[in-house]
Amino acid sequence: MTSSEPNIERAEGSYESRYGRFLLSSKDFVQQFCHMYARRLNQTKPQLKAAAKRKWTSADLVIFDQVIDSEGAVGSDCVLIGTLYKEMESKPSVLDEFKDFNGLMGATTMADNFTGKKDKLILEDDSGRVALHGVGITAETPGLVTGVMIAVKGYLDDLGGFQVKDWLFCGETLNALSSSSGSTTSDQNSATGKSGSPKLLLVSGLAFGSPDASPFTAQLLADFIGGTLGGEDQQAKSASICRVIVVGNSVCADLTCPEEDFKKETKEEKENKSNSSSSSSNASSSRKKGGANTNISETEAHLRQLDTWLAQILGTCPVDLMPGPSDPSSFILPQQPLHPCMLQNSSRFSTLENCPNPHEAMVCGKLILGHSGQPIDDLRRNVDPAHLAGLVASANASSSSQSSASASVSAAAPPPPPPSSSSSSSTSSAGTEAGGASADSADSNDADFPRAEKESLALLAKSLQWAHLCPTAPDSLQCYPYLEEDPFVMDTCPDVLFVGNRSGFATDLVRVLARDPKQPDA
């Protein structure tokens, strides 16, 4: 008797990991962060200089190599290239924690936003700094942040400030990807009888162990990826997923002491500051260890749940696993991959790729780049909320213009509701097609996305415009003090730029002026 059930095979797509620059070969924290800013500027200055020559073609225009070289060019148009520093009075300082000594009270809480009406922009490099003035750049100040590489055209005024007439960012110097094999992969799948149009599924915020997490929803997601839910049409959608990227916050991990114990110990230490006994110190130490051990045991249980969930998927579909803010990984960026010993079952599968955060890979010939959300959260603190609301409003009103390359920016959300006839489109739209933005995503209406997701997309688009994944690091976002290079600089325009751990899913198509790397510089 012949079975009438269709034989649906999972789509296959080429894969090449490109996250090597985010892996730390050594962990040396002796060097200062100034080296990282210097390397960031050195990496981008040649491209900015070439782009300035293409944009501003005046033969009399001088492009200075250093800020200090412009001292003798008062009143003459010139171009300066450097790093932006945004001076904000509300931004906390590392010295604030010491201001409660000697009767000085410092800031004790972290503000949700550091911007203010008196914010100023300063351009600097290793030779000097100059304040930026001008109507245009002043209007853009609320939307700019520290660490952005920029080329400014203008002149030095009599007071030593630089009057800005025009500017350009590194995003205008990005190279377009020279080759693509997405269509070839789709054709190969069709020829072998496998599901065509391979898709990449992005999911984040699984949060195993969290009171708000639903094990039932996570299990349904695993069943959907494995193709054990729904009818033939639903199984065909599942089979079209060639790879899954788990974008952080997979477990609810807390390795700190309980807050109540911490407050109690702090109070006791203050009361017994003058004469503390060894017995009270031992008791305090045991309380700390006990609280930490309890939390570590809970984290182990949460990791076992994640391990079991991953093992169900890895037998049928490759998975890239990224750490997030709540995962047991390094705190500073780039977060290093989860250690294989934490995932004893799933680590045995060759289809598991333990990746850092940020993550970069070529999937079906398309460049995929993204992170777990920390840079976007920090940008939100450094960008004026009113300016961000204006960006969202203008994005809704304006249409995309023609250009030579494009990138899809996506905000990945927690796992979707159980797949059904009403929610299957939500699941498929959360997966980005390996050949670009998925049909469901590309045709979606921006008005359907909540404001928080639109703001995340606007900030992600700014990150692409600045050609940097986390420009506010290391100023207000913790990162490793790199000495030789800044790995967060983008030198190629990604096909998909994503961020995880948002409150919902959203996507947008951003067009950038990426250029062919074979094109000679001006």
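Before going further, it helps to examine the overall build of the protein. When helices and strands are tallied, the protein shows 12 helices and 17 strands. The burial tally for the protein puts 47% of its 522 residues in the buried class. When contacts within the protein are restricted to residue pairs at least 6 apart in sequence, those whose partners lie at least 24 apart make up 81%. For the protein, the computed accessible surface area is about 25,100 Å², with 51% contributed by carbon and sulfur atoms.

With 79 residues, the main nonpolar core has V152, F162 and F488 as its most contacted residues. Those residues in contact with F488 that lie beyond four places of it in its chain are F22, M36, L333, P334, P358, A467, H468, L469, C470, C479 and Y482. Core analysis: the next-biggest nonpolar cluster, separate from the first, contains 25 residues, A218, L310, L321 and L352 among them.

All told, the structure shown has 5 aromatic pairs when counted by the stated rule. Consider the rings of F29 and Y480, whose centres lie 5.3 Å apart with planes at 75 degrees: the pair is edge-to-face. Of the two residues, F29 is situated in the loop between strand 1 (15-17) and helix 1 (34-55) and Y480 in the loop between helix 12 (451-466) and strand 16 (496-499); the sequence distance between them amounts to 451 residues. Relative accessible area serves as the criterion here: at 5%, Y480 is assigned to the buried category. Between the aromatic rings of F208 and W309, the centroid separation amounts to 6.1 Å while the plane-to-plane angle is 55 degrees, which identifies the pairing as tilted. Taken together, the residues span a long stretch of sequence, with F208 in the loop between strand 8 (199-203) and helix 4 (215-226) and W309 in helix 7 (residues 278-314) at a distance of 101 residues. For F208, a relative accessible area of 8% puts it in the buried group. Following the ring pairs from residue to residue traces out a cluster consisting of F22, F29, Y480, Y482 and F488. Over the ring of Y15 we find R243; its NZ or CZ atom is 3.5 Å from the centre of that ring.

Looking now at the confidence of the model for the protein. Predicted confidence across the protein gives a mean pLDDT of 80, with 72% of residues reaching 70 or more. The spread of mean pLDDT over the elements of the protein runs between helix 10 (residues 424-430), the lowest at 28, and strand 10 (residues 319-322), the highest at 98. Contacts for the low-pLDDT stretch residues 255-268, under 50 throughout, to residues beyond four places or in other chains number 11 contacts. In the predicted structure, residues 273-292 sits below a pLDDT of 50 and forms 7 contacts with residues beyond four places in sequence or in another chain.

Rules used throughout
- Residues numbered from 1 in each chain as written.
- Predicted model: local features only at pLDDT ≥ 70, side-chain atom pairs only at ≥ 80, totals over all residues.
- Heavy atoms only, no water.
- Helix = DSSP H or I, 4+ residues; strand = E, 2+ residues; numbered from the N terminus.
- Buried < 20%, exposed > 50% of the residue type's maximum accessible area, 1.4 Å probe, protein only.
- Contact = heavy atoms within 4.5 Å.
- Areas by Shrake-Rupley, 256 points an atom, 1.4 Å probe, with all protein chains shown as cover.
- Core = buried A, V, L, I, M, F, W, Y, C linked by side-chain atoms within 4.5 Å.
- Phe/Tyr/Trp six-rings, centres within 6.5 Å; stacked < 30°, edge-to-face > 60°.
- Lys NZ or Arg CZ within 6 Å of the ring centre and 35° of its normal.
- pLDDT = per-residue confidence, 0-100.

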